[in-house]
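Reading the structure
Chain residues, written in single-letter form:
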Amino acid sequence: MNSKIIRISFIFISFIFLSPVVNAKNIEAYYSAEFGIVGEVARAHATFTSNGRSYTLDANIQAVGAIAKTVTNNLKERHISNGHIVKGLLVTDVYQMIKSYGVYNSTTIYRVNHKRKRVTRHYIKWEKSKEIINEKVRLGYYGRDDLMTLFMNLSKHIKKKHKSKNYRFSVVGADRKNGRVDVIVPSENSLKQMKILMGEGKKGDWYSKVVMYRKLYNSEKGELEVRIGKEGLVEKAVLKDLIFFGDVRIIRQ
């Protein structure tokens, strides 16, 4: 098993917690990441809390099993999104990623200035508690969604969930140059193929392909196929065609 594959699992399991009920006080979901014939390699627990005006999304992810923990140096991640709510949509203000593995710890903080339409990225890394990197940059794009809220808002962004169409978003925490993430509602022919892979699902489920434009091992663009339940929660997601390794599957528990 290669540690990069498990890190891919962490990347995607962090972002697929969805719910359209943004006025709820508390929501939680559990997910499992499986890889090829190896089986489960990571688990996530995500929570959403809100008072109707502001929100917090918090996802904790960790490697599962002796092999996965060994090849990743017991990798753990936490993703936190804080922001406000406008007309039922979550609008990110601060998005933070915290990682620990072996003797290393790091935090990446994205701050969004909506008035000036600016995004800054502050990255700090420690080795054995000693700071080794501390850099802050202004990014070349602006977005109201981050990688967690995009999925939370997706059911509102896409009104016609069964009509084939390509949607493009600028997402905080995505591609460093432009934050680009594409969401594609499949054509009839593509949908048939997706259902073979993802399963037929229940009445009201809908399907999409999410393209993150980040080269993840042998998956050239980081293409994630997703089946979403009628209540807005991801039921299953698959990162396809990791050459020689198989698919990464993310399943709601």
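Analysis parameters
- Residues numbered from 1 in each chain as written.
- Predicted model: local features only at pLDDT ≥ 70, side-chain atom pairs only at ≥ 80, totals over all residues.
- Heavy atoms only, no water.
- Helix = DSSP H or I, 4+ residues; strand = E, 2+ residues; numbered from the N terminus.
- Buried < 20%, exposed > 50% of the residue type's maximum accessible area, 1.4 Å probe, protein only.
- Contact = heavy atoms within 4.5 Å.
- Areas by Shrake-Rupley, 256 points an atom, 1.4 Å probe, with all protein chains shown as cover.
- Phe/Tyr/Trp six-rings, centres within 6.5 Å; stacked < 30°, edge-to-face > 60°.
- Lys NZ or Arg CZ within 6 Å of the ring centre and 35° of its normal.
- 1 Å grid on protein atoms, 1.4 Å probe; cavity = no way out; pocket = protein on both sides within 12 Å on 5 of 7 lines; lining within 4 Å.
- Points joined across faces, edges and corners; volume = space filled by probe spheres on them.
- Nonpolar A, V, L, I, M, F, W, Y, C, P; charged D, E, K, R; others polar.
- Pairing = 2+ DSSP bridges.

1. Describing the overall build of the protein
- In terms of regular secondary structure, the protein is built from four helices and 15 strands.
- Taking all 253 residues of the protein together, the buried fraction comes to 48%.
- Taking the intrachain contacts of the protein between residues at least 6 apart in sequence as the baseline, contacts between residues at least 24 apart amount to 48%.
- By element, 48% of the accessible surface of the protein is carried by carbon and sulfur atoms, the whole surface being about 12,800 Å².

2. Considering the packing of aromatic side chains
- Here the structure, examined in full by the defined rule, presents two aromatic pairs.
- Ring geometry for Tyr95 versus Tyr110: centroids 5.9 Å apart, planes at 20°, classification stacked. One end of the pair, Tyr95, is in strand β5 (residues 89-101); the other, Tyr110, is in strand β6 (residues 104-113), with 15 residues separating them in the sequence. Side by side, Tyr95 and Tyr110 carry an identical accessibility label, which is buried.
- Above the ring of Tyr104, the side-chain terminus of Lys125 is found at 4.8 Å from the ring centroid.
- A cation over a ring is seen here: Lys161 above Trp206, with NZ or CZ 5.7 Å from the ring centre.

3. Some points on the layout of surface pockets
- Of the voids in this model, the second largest pocket is the one considered here, and its volume is about 160 Å³.
- Looking at the second largest pocket, it is lined by 15 residues, and the ones nearest its centre are His162, Leu191, Lys195, Asp205 and Tyr207.
- Broken down by secondary-structure element, the contributors of at least two residues to the lining of the second largest pocket are α4 (188-198) and β12 (206-211).
- Each residue belonging to the lining of the second largest pocket can be placed in one class, and the counts come to five nonpolar, three polar and seven charged.

4. What to know about the pairing of strand β11 (residues 180-185)
- Bridge count for strand β10 (residues 165-172) against β11 is six bridges, and the pairing is antiparallel. The residue bridging Asn166 from the neighbouring strand is Ile184, located in β11.
- Sheet topology places β11 next to β12; three bridges connect them, and they run antiparallel. Residue pairing for β12: Asp182 is matched across the bridge by Val211.

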